[in-house]
Amino acid sequence: AADADAYALHPALLDAALHAVVLDAERTVLPFSWRDVTVHRTGAAALRARITPAGADTVALELTDPAGLPVATVGALTLRVPAATGPDGLHRLDWQPLATDDTPPPADGWAVLADPAGTSGTDALADGRPLLASLADAAPGQTVLAPVRTAEQALALLHTWLDERRMGTPTGVLVLVTAHAVATHPGEDVPDPAAGAVWGLVRTAQTEHPDRLVLLDTDATAASRSALPTALAAALAAGETQLALRAGEITVPRLTRPRPGELLDPGTAPAWRLDTARPGSLDSLALLPAPEARRPLAEGEVRLALRAAGLNFRDVLITLGLYPGGARIGAEGAGTVLETGPGVTRVKPGDRVMGLVQGTLGPVAVTDHRLLTPVPDGWSWTQAATAPVAFLTAHHGLHGLARLKPGETVLVHAATGGVGQAAVQLAHHAGAVVLATASPGKWDVLRGLGLVGDRVASSRTLDFEQSFRTATGGRGVDVVLNALAHEYTDASLRLLAPGGRFVEMGKTDQRDPATVAADHDGAAYLAFDLFDVDPDRIAALLTELAALFATGALHPLPVHAQDVRQAPQALRRLSQARHTGKLALTLPTALAPDGTVLVTGGTGALGRLVAHRLVARHGVRHLLLAGRQGPDAPGAAALTAELAEAGAEVTIRSCDLGDPDAVAALIAAVPADHPLTAVVHTAGVLDDALLGSLTPERLRTVRRPKADGARHLHHATAHLDLAAFVLFSSAVGLLGNPGQANYAAANAELDALAQHRAVRGLPAVSLAWGHWAEAAGGMAAGLSAAETERLAATGLAPMSNEQALALFDAALTGPHPVLAAARLDPAAVPADRLAPVLRGLARPRPQEPRPLPPGDAQRRPRHEQPRRQRG
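Definitions and cut-offs
Counting restarts for each chain: residues are numbered from 1 in the order of the written sequence. The predicted nature of this model means local features are confined to residues of pLDDT at least 70 and side-chain atom pairs, given and counted, to a pLDDT of 80 or more, with totals for whole chains, interfaces and linings taken over all residues. Note that the side-chain values use all heavy atoms of the structure and ignore hydrogens as well as water. Think of each axis as a best-fit line through the C-alpha atoms, taken over the contacting stretch in the case of a helix, with angles from 0 to 180 degrees between the N-to-C directions. Think of it this way: any DSSP run of H or I at least four residues long counts as a helix, any run of E at least two long counts as a strand, and we number them from the N terminus. The cut-offs work like this: below 35 degrees is roughly parallel, past 145 is roughly antiparallel, 65 to 115 is roughly perpendicular, and the gaps in between are oblique. It is the rotation of the near helix from the far one that decides the hand of a crossing: anticlockwise by less than a right angle makes it left-handed, clockwise makes it right-handed. It only takes one pair of heavy atoms within 4.5 Å for two residues to be counted as in contact. Take the buried residues of types Ala, Val, Leu, Ile, Met, Phe, Trp, Tyr and Cys, join any two whose side-chain atoms come within 4.5 Å, and each joined set is a nonpolar core. Each residue is placed in one exposure class: buried if its accessible area under a 1.4 Å probe, protein chains only, is under 20% of its type's maximum, exposed if it is over 50%, and partly exposed if it falls in between. Strand pairing is assigned whenever DSSP detects at least two bridges linking the two strands. Any Lys or Arg side-chain nitrogen located within 4 Å of an Asp or Glu carboxyl oxygen qualifies as a salt bridge. As a per-residue quantity, pLDDT reports the predictor's confidence and falls between 0 and 100.

Let us look at the packing of helix α12 (residues 464-471) against helix α13 (residues 487-494). Between α12 and α13, whose axes approach to 9 Å, the crossing angle comes to 15°. Comparing the axis directions of α12 and α13 gives the class roughly parallel. Along this stretch, α12 crosses α13, giving a crossing that reads as right-handed. Of the residues in α13, those touching α12 at F464, E465 and R469 are Y488, A491, S492 and R494.

Below, the discussion takes up the packing of helix α9 (residues 388-401) against helix α10 (residues 418-429). Two elements in contact, α9 and α10, have axes whose closest approach is 8 Å; the angle formed by their N-to-C orientations is 50°. If you check the angle between α9 and α10, you find them oblique. Crossing angle aside, the handedness with which α9 passes α10 is right-handed. Across from A390, F391, T393, A394, H395, L398 and H399 in α9, the residues of α10 making contact are G418, V419, A422, A423, Q425, L426 and A427.

Among the nonpolar cores identified, the biggest contains 49 residues, and M354, F391, L392, L398, V410, L426 and I538 are the most heavily contacted of them. Elements represented by at least two residues in this core include exactly β17 (352-356), α8 (381-385), α9, β20 (409-412), α10, β21 (433-438), β23 (477-482) and α15 (535-551).

Strands pair in a sheet through their backbones, by hydrogen bonds, and they do so in one of two ways: parallel or antiparallel. Here 6 strands make up an open sheet; going across it, the order is β22-β21-β20-β23-β24-β25 and the pairing parallel. Strands at the two margins of the open sheet, each flanked by one partner only, are β22 (456-458) and β25 (524-527). Geometrically, the sheet is characterised by an average inter-axis angle of 20° between neighbouring strands, direction not taken into account. Two strands pair when backbone bridges link them, and β20 and β21 are joined in this way by 4 bridges, in the parallel orientation.

Following the criterion strictly, the structure yields 36 salt bridges and no others. In this structure, R303 engages E339 in a salt bridge whose closest nitrogen and oxygen atoms are separated by 3.1 Å. Of the two residues, R303 sits in strand β15 (residues 301-311) while E339 sits in strand β16 (residues 332-340), which places them 36 residues apart along the sequence. Since its relative accessible area comes to 35%, E339 is described here as partly exposed.

Per-residue pLDDT for the chain has a mean of 88; in total, 89% of the residues score no lower than 70. In the predicted structure, residues 776-782 sits below a pLDDT of 50 and forms 15 contacts with residues beyond four places in sequence or in another chain.

Structural data, given as structure tokens:
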């Protein structure tokens, strides 16, 4: 109310009035268009609204103040029903910064539990704090940090901490610390998905034992180590019980709607590409129609169906309008040959290829056949898509230009990047001595490449000049592969031995070769652009590299992948150099009508619904339904008949998903003429128990068909070209739910596995389902009124089958590896029991009226005050 004078009509006040307009018990409607709007008086702090029908889905509004004086009228407000595809029920987990102050907390009252295995960074956690041999040594009221790696280990710790003998003492807070068990941004890996189960287990434990447990995930960097005390103190003070530390930044999880900034494909356009209409900002990226990708092929051209594309710093410069000469986004990719033009002999339709695809980053691309080579056996699409530019650049620079010889010394700048790591591999293979720079936080990567001691220096300071001069006995280096600029280039030139070769890959600080030769003992300055190299030379280089890949002399680069619709985030990460190796974008693909879709738990309630949906909505014609009972499952014959009548060929097989050999045999039995193109994993069981009664055996009972089964499916299909890999998870893995800690753990592991796959460029989406009110099975198995009420108390509202299946349609090949597919109602949960991840969706609660300041006690209501004169 205090801000009402700042608006013609306060937006919050108008929104409140419109709540009555859109109220409809049968459907959701939203304001769409307005006509004949008049504001009669400004500054209103309260409204009465008279709503009158004015036609189909249209109303008229009369807004007055409490005294009846007119404030605004709306001649016609037309309402529309939002699209039924279900995004309103899809939410992603977003990790948001937690505000802290700079004052370090006191050290008293903190202790660390020793980790017998010594693999979870106990020393880093302790940082001078008391080290406990067991939880029994904790003092009353003490906060204890306990490193954990598995759900079984976490369960044992929880049982000890929450033991009834301790309940009568003022026990402090137990902080369970994991390392990389959750992903805080789309491109982050969860190396061991089983560690993600800890988070599901403890989230439920927090609902059963509020205010006694905290979850903390860390990246174990020096910055996070130093920030940990402040982070934990801030979290406890703010009532946050789940947080993550990344490079010293403190974040907390919140469910949000998928970000509107994510790119949308052009729908019916025959082809599209990633591009920017207004160079100068990463936010100007869009997926634009690309009809040229469908033009007739010229001599020597090939049309590709791209499955993945590599990102390069060149793409960042193009987006920002800084690349000289002008160019379009896109440099390399991997996919399947669709069509070949006249004179093409190197490839044929159906071949898996990788290579240079300049100026097109989209599902269909055209390129010269000389710029392509077959994908090595065993390589993924993202590994193949990110190899061409890095290895071609490094090979041409080191061998084609610098003529690197065995025994010579080469300095590779930015050696943890794509070109840098490729250059280190090639130089080692050539028998050269390699020196490398990188930021200190990435030196572990260099150690993994065999570079240690005085062969490594920082790329953030100029100290590398003296360091490497000392390492070479004052002689300097024979070759520099440069990725730096300005004073770093000057220092690198000074490091060249007489007759050295300086290979320049950059565009922002190029030098005059004659000047370099005159100033540096005849050094050769060799600047080049890979896309200026003759295609026949590229073809020869690709042939050489293919032979080295085939023998294992060279290996694919580390790669982190994101969906092309998340290109702005991926390019922003690339521009900030916060990664190592390569970044890739994956391209979505539709389900192939002649392929087979596997549905686990296929004869169960959810499996049946999904099978019918795949046939009716997605055109699937070959289904493999797997479950423990197989063809003997109740209703299996009737289900087969129903799906056959709908036009699908159905095979039902018995399979123990917890047995990796059985899963491998199931996948191997899929006929080659209808190869497996998608997996939908709905299988799962319940074995509910409160935490005090939960045993490791009951953990394994629930994990076996769900989490173990998903892992076995992941391994058994890793070599296949799948379009979709859908895991049916549960919202309890994100929210917790009393009595379902084992179920929450198994589902959180599914979420982690989906993230693990997505970062590797493999299709994946884990749908954390809410309450299917109509389906029998899983959380919805014949729920009583009391059980339904218990679910509602977690914020989960019931969904109809049609509502849930609409969410399945929307998420099937979407860009997010983990989504909550649920109707969420945080208002149904008491504020002190609201799951942390729901706090971002909770509506602000009404505040108590504030007392008037002294001297204003006689202030009259606004409608009784004299109106100000208007000019």
